[in-house]
Amino acid sequence: MNRLVLKFRNFCDELVLQLCIRSPLLSSLYYAFTSPAFRREHHGVIHGKLKYAENLKLAQDSNYLLRRNIHRLEKGLIMQPRRDTFATEYIVETVESYKNALLVRQNWSFTDELQWAHDVLQQYFSVVASEPTIDQAREKFFRLEPLCSNNPLVPYKRDLSNPSSVSYDQFLGLCYRRRSVRWYLQKPVLRDLFDQAIAAANLSPSACNRQPFEFRIFDEPELVQKVSSVPMGTKGFNHNFPAIVVVVGKLRAYFSERDRHVIYIDGALASMSFMYALETLGLSSCPINWPEMEPQESQMATLLNLEPDERVIMLISVGYPDPDGMVPYSQKKPLHQIRRYNEL
């Protein structure tokens, strides 16, 4: 009887899905009335938009609009050929954002951001042609207090006279060496090594240079066990983690829902650089998947005191590899299965 009921329910579910797949609106209605799977994401995106609006008024650390617009100016400055005038649609708000950041700069911990903004704006106004909107912004900018710098933080030409100090074969060797390690020596990891690896990860590309992520590191044994026991897939080996890292994305970096997935792209790029850097420091790591499941989401949010717009991207265990520990072979797909040229 139970089997028949289950079969009938599955049949009805399939009929509903066949109906709802006909349009995006019906698909949204399906999740609105039958499944809570996206509710946490919806809540996080809305919370992020409100935090973004607050950031515009009073950024205590990093100003996301300023970072985005200064990077847009940089891209305009490096265009070939460069247009005589550009950025007219956002230059006024950029200067205004910079002005507001100057007013609260004593509260900032990241003063290089202000220097970068100043230097790029100064270069922009020195090369862009006269135009009413630009002239208005130029006058406002040059009335502000200048930030002097011996080494302006502006677009530059890379020195390509010498080849990279890392050959392809050396990098490929690093890729082969980096494996997902689950067994570690019971030896604490110096925090300076974490900082070195994160400094390398910090150079990873990020959409409009907003860097909407942070690395939360736990190296106290009790906390390591609490945090590492939350995700699925760590049972049986998380007891030997010397440290665990939670990579957290911040939806507050964005003004629109269109960018809600960028935290995962930027966070993953930085995480991969972080893991490669660890390997060069004699450390190993294992990225731990974080599926969106409500019990785990709630537990981690409470444990880490996350705000609704702060989303876990992944966890990464870190430590010195046990020389007697083994790693999976993990056969990779052949090149022809993951690469295509000019196929439409």
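This text goes with the structure placed above it.
About the criteria used
Residues numbered from 1 in each chain as written. Predicted model: local features only at pLDDT ≥ 70, side-chain atom pairs only at ≥ 80, totals over all residues. Heavy atoms only, no water. Helix = DSSP H or I, 4+ residues; strand = E, 2+ residues; numbered from the N terminus. Buried < 20%, exposed > 50% of the residue type's maximum accessible area, 1.4 Å probe, protein only. Contact = heavy atoms within 4.5 Å. Areas by Shrake-Rupley, 256 points an atom, 1.4 Å probe, with all protein chains shown as cover. Lys, Arg positive; Asp, Glu negative; His and termini not counted. Charge placed at Lys NZ, Arg CZ, Asp CG, Glu CD. Pairing = 2+ DSSP bridges. Axes fitted to C-alpha atoms, helices over the stretch in contact; angles between N-to-C directions. Arc of directions from axis to C-beta. Phe/Tyr/Trp six-rings, centres within 6.5 Å; stacked < 30°, edge-to-face > 60°. Lys NZ or Arg CZ within 6 Å of the ring centre and 35° of its normal.

Undergrad: Help me out: how do you make sense of the overall build of the protein chain in this one?
TA: Counting its secondary structure elements, the protein chain contains 13 helices and 4 strands. Structurally, the protein chain occupies a C-alpha span of about 80 × 55 × 50 Å along its principal axes. In the protein chain, buried positions account for 40% of the 344 residues. Considering only contacts in the protein chain between residues 6 or more positions apart, those separated by 24 or more positions represent 81%. Carbon and sulfur atoms make up 56% of the accessible area of the protein chain, which amounts to about 21600 Å² in all. Both charge centroids of the protein chain, one from 41 positive and one from 38 negative side chains, sit 6 Å from each other.

Undergrad: Sorry, what's going on with the sheet that holds strand E1 (residues 213-218) here?
TA: The pairing of strands in a sheet comes from backbone hydrogen bonds and takes either a parallel or an antiparallel form. Spatially, the 4 strands line up as an open sheet ordered E1-E2-E4-E3, and their pairing is antiparallel. What marks the edges here is a single partner per strand, and that holds for E1 and strand E3 (284-288). When strand polarity is set aside, the average angle formed by the axes of neighbouring strands in this sheet is 25°. Bridge count between E1 and strand E2 (residues 243-250): 6 bridges; the pairing is antiparallel. Counterpart to Phe 218 in the pairing with E2 is Ile 244.

Undergrad: I tried to follow the environment of His 43 on my own but got confused; where do I start?
TA: Here His 43 lies in helix H3 (residues 39-57). A relative accessible area of 48% means that His 43 is categorised as partly exposed.

Undergrad: What is the right way to look at helix H9 (residues 191-201) in this model?
TA: Within the span of H9, buried status applies to Leu 193, Phe 194, Ala 197 and Ala 201. With its buried residues spanning 105° around the axis, H9 presents them on a single face. Elements that come into contact with the buried residues of H9 comprise E1, E2, helix H11 (262-280) and strand E4 (310-319).

Undergrad: Explain the pairing of E3 here, please?
TA: Regular strands place side chains that alternate from one sheet face to the opposite one. Counted residue by residue, E3 has 4 buried out of 5 residues, so it is predominantly covered. Where E3 meets E4, 5 bridges bridge the pair, whose relative direction is antiparallel. Within E4, the residue paired with Pro 287 across the bridge is Ile 316.

Undergrad: So what exactly am I meant to see when it comes to the packing of aromatic side chains here?
TA: Here the distance between the centres and the angle between the planes together describe a pair of aromatic rings. Taken as a whole and assessed by the stated rule, the structure comprises 15 aromatic pairs. Ring centres 5.1 Å apart and planes at 85° place the aromatic pair Tyr 30 and Tyr 31 in the edge-to-face group. Take Tyr 31: its relative accessible area is 35%, and that puts it in the partly exposed class. Where Phe 215 meets Phe 274, the ring centres are 5.0 Å apart and the plane angle is 45°; that geometry is what we call tilted. You can see Phe 215 sitting in strand E1 and its partner Phe 274 sitting in helix H11, a full 59 residues away along the chain. Here the two residues Phe 215 and Phe 274 agree in accessibility, since each one is buried. In this structure, Arg 182 packs its charged tip against the face of Phe 237, placed 5.7 Å from the ring centre. Cation over ring: Lys 187 sits above Tyr 320, and NZ or CZ is 4.2 Å from the ring centre.

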